[in-house]
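Residues per chain, in single letters:
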Amino acid sequence: MTVDTQQKGDERVHWLPMVAAISSISVVGIAIGLGMPLLSVILESRGHSASMIGLNTAVAGLASIAGAPLATPLAMRLGVAWTMLLMIAIGALAFVGFHFAPDFWMWFPLRVALHISLTVLFILSEFWISTSAPPSRRGLVLGIYATVLSLGFAAGPWLFAHLGSSGFLPFGVTIALVTLAAIPVLAARNESPSIVADSETSHFLRYIWMVPTATFAVLVFGAVETGGFSLFPVYGSRIGYSEADAALLLTMIGLGNVLLQIPIGMISDRVSDRRYLLLACATVGLVGTVFMPFFAQNWHLMAALLFVWGGVVAAMYTIGLAHLGSQLSGHELASANAAFVLCYGVGMVIGPQAIGIGMDAFGPSGFGWSLAVFFAAYMLLVLVRLVRKIL
């Protein structure tokens, strides 16, 4: 039985826990957006090479994969709200540790602790939001979540530009923000969902295959977002854009992400089977990559294309999460959320590698071709699932 069937008669929006989960994780998003460039700049100022900085940063993706299996067992033992509060505390301590750690090797365990805590926070906050949202408004609520989170990520670099990287001030501001994230969670702790184990003891990885249209949607999004954002400046320079013009195009992708999540989420609430909408998003992603070379000579056309492309592709995360919540509930939904975030981490790891190899092999056109492979493979998966349903 799906969660939508179980909650058919409950259309109330549980505002306090929903606001608590969204606001807390969004404040953490601001801290991440501030912290990531801060740490890289500090390492560079200490004389570390770009490859070593990249190696330390790459630990984040591996830590996310390692942290995903921990979320459900911890929440079952401690409760969702208390586990989130524990992860906020661990993340805050790990982050302030970077300021006091004199040796580079110390940054690796600190990075692992930080991103394991963040991974568990994301899993449990998304589970909490999904359980607090009525089925008929789940897409809208998750669209709000994605929008506010995107704004949080965007606000972080803005703060970094004003605070700089010297002294304890940027660390102090980040710790203050993370501490603020704990307040709404603490206020709504009595309304946090409980996770009770059932007789099914299978590993959480089985949920990757139980709802593959959701889990592989976020894998594709993770690959495209991480690989596309990291290598788009390289692609832009190779096709003739200045560094500033390429950066502005990246901003257009982010703007589309912010502005289109709520309307697309509302559309998903009116679709009986969200897999059709996921297929449509992947199709837009594929068509957009095909048209990029033709639009490249006109910056304004390219900007308009990337605005739509960025927002629709990002919706694969939002709609995939809503589809997951419509199919599962309780312990299964919590485990599936862990599998969902794990797939995002896997996408973060394979995306930059695949796109980089594509560009080395085929030149600038390899950027679009590599992205197209991800979208085409996902479209094939969804089509197979839909045909199996019809037959």
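Everything discussed here concerns the structure shown above.
The structure contained in this document is the topic of the report that follows. (Residues numbered from 1 in each chain as written. Predicted model: local features only at pLDDT ≥ 70, side-chain atom pairs only at ≥ 80, totals over all residues. Heavy atoms only, no water.)

Focus on a nonpolar patch on the surface
- A grouping of L78, W82, L86, I90 and L186 is seen on the molecular surface, where their side chains present a nonpolar patch of about 430 Å² in accessible area.
- The biggest single contributor to the nonpolar patch is helix α5 (residues 80-100), with three residues.
- Of note, W82 is situated in helix α5. (Patch = residues over 30% accessible without salt bridge, like charges linked within 9 Å, V, L, I, M, F, W, Y side chains within 5 Å. Areas by Shrake-Rupley, 256 points an atom, 1.4 Å probe, with all protein chains shown as cover. Salt bridge = Lys/Arg side-chain N within 4 Å of Asp/Glu carboxyl O. Helix = DSSP H or I, 4+ residues; strand = E, 2+ residues; numbered from the N terminus.)

Examining the pattern of salt bridges
- Applying the stated rule across the entire model yields three salt bridges.
- Between R206 and E332 there is a salt bridge, with the nearest N and O atoms lying 3.6 Å from each other. Taken together, the positions of R206 in helix α9 (residues 206-210) and E332 in helix α14 (residues 330-362) put the pair 126 residues apart, joining distant regions of the chain.
- Judged by relative accessible area, R206 falls into the partly exposed class, the value being 25%.
- For E332, a relative accessible area of 24% corresponds to the partly exposed category.
- With a closest N to O distance of 2.9 Å, R275 and D273 form a salt bridge.
- With relative accessibility at 7%, the residue D273 sits in the buried group. (Buried < 20%, exposed > 50% of the residue type's maximum accessible area, 1.4 Å probe, protein only.)

Considerations on the packing of aromatic side chains
- Counting across every chain of the model gives 16 aromatic pairs.
- Taking 5.9 Å as the distance between ring centres and 80° as the angle between the ring planes, the aromatic pair formed by F291 and F295 counts as edge-to-face. One end of the pair is F291 and the other is F295, both in helix α12 (residues 274-295) and four residues apart, which spans about a single turn.
- Pairing Y317 with F340 gives two aromatic rings, centres 5.3 Å apart and planes at 70°, and the pair type is edge-to-face. A residue pair is termed long-range when its members are at least 10 positions apart, and Y317 in helix α13 (residues 299-327) and F340 in helix α14 qualify at 23 residues. (Phe/Tyr/Trp six-rings, centres within 6.5 Å; stacked < 30°, edge-to-face > 60°.)

Describing α13
- For α13, spanning 29 residues, the distance from its first C-alpha to its last is 42 Å, which sits close to the expected 42 Å at 1.5 Å a residue.
- Of the residues that open α13, the one with a side-chain oxygen 3.0 Å from the backbone nitrogen of H300 is N298. (Expected span 1.5 Å × (residues − 1). Polar contact = N/O pair within 3.5 Å; in protein donor to acceptor, adjacent residues only side chain to side chain.)

Some details on the side chain of T215
- Along the chain, the position of T215 falls in helix α10 (residues 212-238).
- In this structure T215 comes out as buried when scored by relative accessible area, which is 0%.
- Beyond its immediate sequence surroundings of up to four residues, T215 is in contact with Y207, I208, F340 and C343. (Contact = heavy atoms within 4.5 Å.)

A closer look at the state of the cysteines
- In this structure the tally under the stated criterion is zero disulfides.
- Between C281, a cysteine without a disulfide, and C343, which holds the nearest cysteine sulfur, the sulfur-to-sulfur distance is 18 Å. (Disulfide = S-S within 2.5 Å.)

What about the nonpolar core?
- Judged by nonpolar contacts, the single largest core of 123 residues is most densely connected at Y145, W309 and F367.
- Not counting residues within four places of it along the chain, the set of residues in contact with Y145 comprises I22, I25, F122, S125, E126, I129 and L321. (Core = buried A, V, L, I, M, F, W, Y, C linked by side-chain atoms within 4.5 Å.)

Side note on the packing of α13 against α14
- Put simply, α13 and α14 touch, their axes get as near as 10 Å, and they point 155° apart. Judged by the angle between their axes, α13 and α14 are roughly antiparallel. Of the two possible hands of crossing, α13 and α14 adopt the one that is right-handed. Taken together, the residues of α14 that come into contact with α13 (itself represented by Y317, G320, L321, L324 and G325) are L333, A336, N337, F340 and Y344.
- A breakdown of the residues in the contact of α13 with α14 according to their chemical character gives seven nonpolar, three polar and no charged. (Axes fitted to C-alpha atoms, helices over the stretch in contact; angles between N-to-C directions. Parallel < 35°, antiparallel > 145°, perpendicular 65-115°, else oblique. Left-handed = near helix turned anticlockwise from the far one by under 90°. Nonpolar A, V, L, I, M, F, W, Y, C, P; charged D, E, K, R; others polar.)

Brief notes about empty space enclosed by the protein
- Applying the stated criterion across every chain yields a total of one cavity of 30 Å³ or more.
- Space inside the largest cavity adds up to approximately 120 Å³.
- In this structure, the largest cavity is lined by 15 residues; those nearest its centre are A31, G91, L114, L118 and V178.
- Looking at the lining of the largest cavity, the elements with two or more residues in it are α2 (15-45), α5, α6 (107-132) and α8 (169-187).
- The biggest single contributor to the lining of the largest cavity is α5, with five residues.
- In terms of residue class, the lining of the largest cavity is built from 12 nonpolar, three polar and no charged. (1 Å grid on protein atoms, 1.4 Å probe; cavity = no way out; pocket = protein on both sides within 12 Å on 5 of 7 lines; lining within 4 Å. Points joined across faces, edges and corners; volume = space filled by probe spheres on them.)

Description of the environment of L250
- Checked against the element boundaries, L250 lands in helix α11 (residues 243-269).
- Classification of L250 as buried rests on a relative accessible area of 15%.
- The spacing of L250 and A75 is 175 residues in sequence and 37 Å in space, taken between C-alpha atoms.
- Leave out the neighbours within four places in its chain, and L250 touches F229, F232 and P233.

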